[in-house]
Amino acid sequence: MMSNMIEVEQLVKSYKIRNKSDESRFSLLSKYTEKKAVDGISFQVKKGEILGFIGPNGAGKSTTVKMLSGILVPASGKILVNGIVPYKNRKKNGQSIGVVFGQRSQLWWNLPVMDSFEIVKAIYKVSDKNFKDNLERFHDILNVGEYLDIPVRKLSLGQRMRVEIAASLMHNPEIVFLDEPTIGLDMVAKEKINEFIKLINQERKVTIILTTHDMRDIEKLCDRILVIDHGKTIYDGDIETVKSKYGKNRMLIVDIEDELKSFHINYGNVIKEEGSKKYIMFNKEDFSAIDMVNEIENEYAIKDFSLVETDIEDIVKCIYSEQNK
Amino acid sequence: MYTVKCFFVLMRADLKSRMIYKLSPFLYIFGLILLYISAFLGNYIMLTKFKNIDGWEYGQIIFIYVFCLVSYGVRSIFFNHFTNLGGMILDGSLDNILIKPMNSFVYLVGSHFEIGGFSHIIAGGIIFFKFNHLFGVTWNVKNIIFYIIAIICASLVQSSITVIIGSCAFFVEQNEGLRRLYEGFRQFIYYPVTLYNKYIQVVLFCILPLAFATFIPAAVFLNHPVYNIMSKTSWLLFLVGITGLLSVIAVGVFNFGLSHYKSSGT
């Protein structure tokens with residue numbers, strides 16, 4: 001038994017965009033520029049691991065997940081998923097993976113939940129016994145049994161997402177890709193989904209790749225995170241390091257009176273300036289926000305300020321700006 | 001076996017989900033039947049004024065009309081969804097199909113039926129039985145078999161063209177224009193193709209080979225003098241050959257398009 005369920009090496013995927021310059025607009029042979037959506041990513045995922053796959057919108061996450069699930073063919077590089085090259089053996093790969101797209105349902109909108117399960121059963125050749133066992137198990141954890149007779153369109157988003165995940169696990173896949181499974185859910189529903197993911201991971205040793213924009217999901221579930229931006233890996237390692245480094249980060253947004261003055265502060269890290277608005281990232285254990293405001297107040301006139309928790313995007317920005325220093 | 005089973009499971013689910021809104025699909029089909037019958041009646045009034053157009057009796061023209069309606073109906077039921085491939089690529093629902101461990105083409109056909117197609121077939125049937133006496137056809141066993149084979153071929157030709165045009169969505173972002181072009185040329189084949197000028201005939205025989213879907217089988221069937229160069233049986237074999245070729249090309253273009261999408265999409 002190999003220990004790496006997923007092996008990705010120097011993965012590249014590029015696409016062409018048509019030049020919109022004035023000279024080429026009217027020419028039939030329009031010129032194309034190649035843009036790399038994924039630019040040399042390498043990583044491995046061990047059996048039973050939950051990998052948090054994060055990065056800002058457009059970083060290349062979805063493209064990578066699509067290559068892992070056999071939808072797209074890489075331009076170059078190596079991928080092995082459970083010993084299979086996904087794009088060469090799409091159907092076989094499909095049998096060993098489960099995929100959930102948070103923003104796109106795979107269920108039959110007008111039909112009762114049970115019908116969607118039955119279709120999964122036929123397509124993935126799930127045995128009667130496995131099907132029955134899984135239904136019972138999913139009912140125990142998620143209460144999906146309660147809405148088996150209800151059409152999918154009448155479920156709440158939280159209920160639907162539970163069914164969505166249950167359907168993706170019906171054929172006992174060894175690997176599951178969860179693409180923003182908690183998007184748009186309220187706190188309680190998120191909690192429920194996260195518990196379920198954790199439990200299934202522990203019970204069945206399912207390998208999971210999770211993409212999300214919610215730092216709390218990552219903290220609850222993942223042992224390791226992979227951060228990408230502009231198609232490149234910018235961090236790959238355990239979550240504790242990132243958490244202790246950035247998880248306690250807060251962002252102070254101050255609006256100062258005088259725009260022209262060059263802005264400088266001794267604490268924290270100015271990550272963005274929008275005219276008179278300054279975004280300062282700082283660690284709440286190192287400084288207190290009050291001290292910072294006082295300090296700024298000494299030199300500049302503050303019109304307004306606010307304090308926000310940092311999200312993944314900010315952390316990625318922070319890691320990225322450190323990398324580029 | 002597995003693929004056939006999945007096809008029927010998907011078909012059942014798709015039809016069931018359409019029947020959820022009980023009355024609506026029936027009203028939809030009924031409305032379309034009225035539309036096609038009334039369009040036909042307009043033509044019928046014109047036809048009765050002429051009796052004979054360029055060697056074609058109006059009964060024969062009605063025969064071609066029915067042939068066209070029915071084959072388009074069959075095509076619509078099974079393959080209409082291929083005209084929407086562009087939309088499926090844009091909203092990502094195609095990706096949902098690509099992650100399934102089964103043939104994507106079969107999944108696409110099985111999971112999207114267009115029940116509107118039944119209206120073409122029913123309307124065609126009504127016109128057929130109403131004007132049967134004008135066709136000048138004796139319905140013996142041989143003719144019935146010929147007719148059924150010809151209808152199947154015609155439907156497959158219409159379907160193949162639909163699949164090929166739909167698959168263009170894999171290469172261009174918008175294939176709505178092409179689809180409209182097809183819909184436009186499709187209107188020509190309700191009548192004998194020899195009525196049109198050379199350019200339109202070239203298109204209908206060679207570029208969008210819609211003439212093979214309706215005109216040729218109908219004309220051979222009606223023993224039109226133009227087609228007396230071969231026996232009926234030879235013509236039938238010829239049609240089956242052309243249909244087979246077009247079907248293979250259609251599936252090929254679809255698969256080629258899919259692999260292009262897989263290597264160029266993001």
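About the criteria used
Residues numbered from 1 in each chain as written. Chains lettered and ligands numbered in written order. Predicted model: local features only at pLDDT ≥ 70, side-chain atom pairs only at ≥ 80, totals over all residues. Domains from an automatic or database assignment. Pairing = 2+ DSSP bridges. Helix = DSSP H or I, 4+ residues; strand = E, 2+ residues; numbered from the N terminus. Axes fitted to C-alpha atoms, helices over the stretch in contact; angles between N-to-C directions. Parallel < 35°, antiparallel > 145°, perpendicular 65-115°, else oblique. Left-handed = near helix turned anticlockwise from the far one by under 90°. Contact = placed C-beta atoms within 7 Å. Nonpolar A, V, L, I, M, F, W, Y, C, P; charged D, E, K, R; others polar.

## Things to note about the domain arrangement of chain A
Line of reasoning, step 1. According to the domain assignment, chain A contains domain 1 (4-244) and domain 2 (248-324).
Line of reasoning, step 2. Taking the mean C-alpha position of each, domain 1 of chain A and domain 2 of chain A sit 35 Å from one another.

## Some thoughts on the sheet that holds strand E10 (residues 249-256) of chain A
All names here are of chain A.
Line of reasoning, step 1. Strand order in the open sheet formed by 4 strands is E11-E12-E10-E13, with antiparallel pairing between adjacent strands. Looking at which strands have only one partner, the edges of the open sheet turn out to be strand E11 (269-274) and strand E13 (302-309). When the angles between neighbouring strand axes are averaged without regard to direction, this sheet yields 20°.

## Digging into the packing of helix H1 (residues 2-19) of chain B against helix H6 (residues 104-111) of chain B
Residue and element names in this part refer to chain B.
Line of reasoning, step 1. For the pair H1 and H6, the least separation of the axes is 7 Å and the interaxial angle reads 30°. By the angle class used here, H1 and H6 are roughly parallel. Like other packed secondary-structure pairs, H1 and H6 cross with a definite hand, here right-handed. Counting all contacts with H1, which are made through Thr3, Cys6, Phe7, Leu10, Met11 and Asp14, the residues of H6 involved are Val106, Tyr107, Gly110 and Ser111.
Line of reasoning, step 2. Its residues placed into classes, the contact of H1 with H6 shows 6 nonpolar, 3 polar and 1 charged.

## With respect to the sheet that holds strand E5 (residues 97-101) of chain A
Residues and elements named next belong to chain A.
Line of reasoning, step 1. With mixed pairing, 6 strands are arranged side by side in an open sheet as E5-E6-E7-E3-E8-E9. Only two strands of the sheet have a single neighbouring strand rather than two, namely E5 and strand E9 (232-238). For this sheet, the mean angle separating the axes of adjacent strands, direction not counted, is 15°.
Line of reasoning, step 2. Bridge count between strand E3 (residues 50-54) and strand E8 (residues 224-229): 4 bridges; the pairing is parallel. If you follow leucine 51 over to E8, its bridge partner there is arginine 224.
Line of reasoning, step 3. Most of the contacts of helix H2 (residues 61-68) go to strand E6 (residues 175-179), to which it runs at about 155°, and overall it touches E3, E6, strand E7 (207-211) and E8.

## Topic: the environment of Asn143(B)
All names here are of chain B.
Line of reasoning, step 1. Tracing the backbone through its elements, the reader meets asparagine 143 in helix H8 (residues 141-167).
Line of reasoning, step 2. Taking the C-alpha atoms as reference, asparagine 143 lies 8.2 Å from phenylalanine 221; in sequence the two are 78 residues apart.
Line of reasoning, step 3. Leave out the neighbours within four places in its chain, and asparagine 143 touches Val137 and Thr138.

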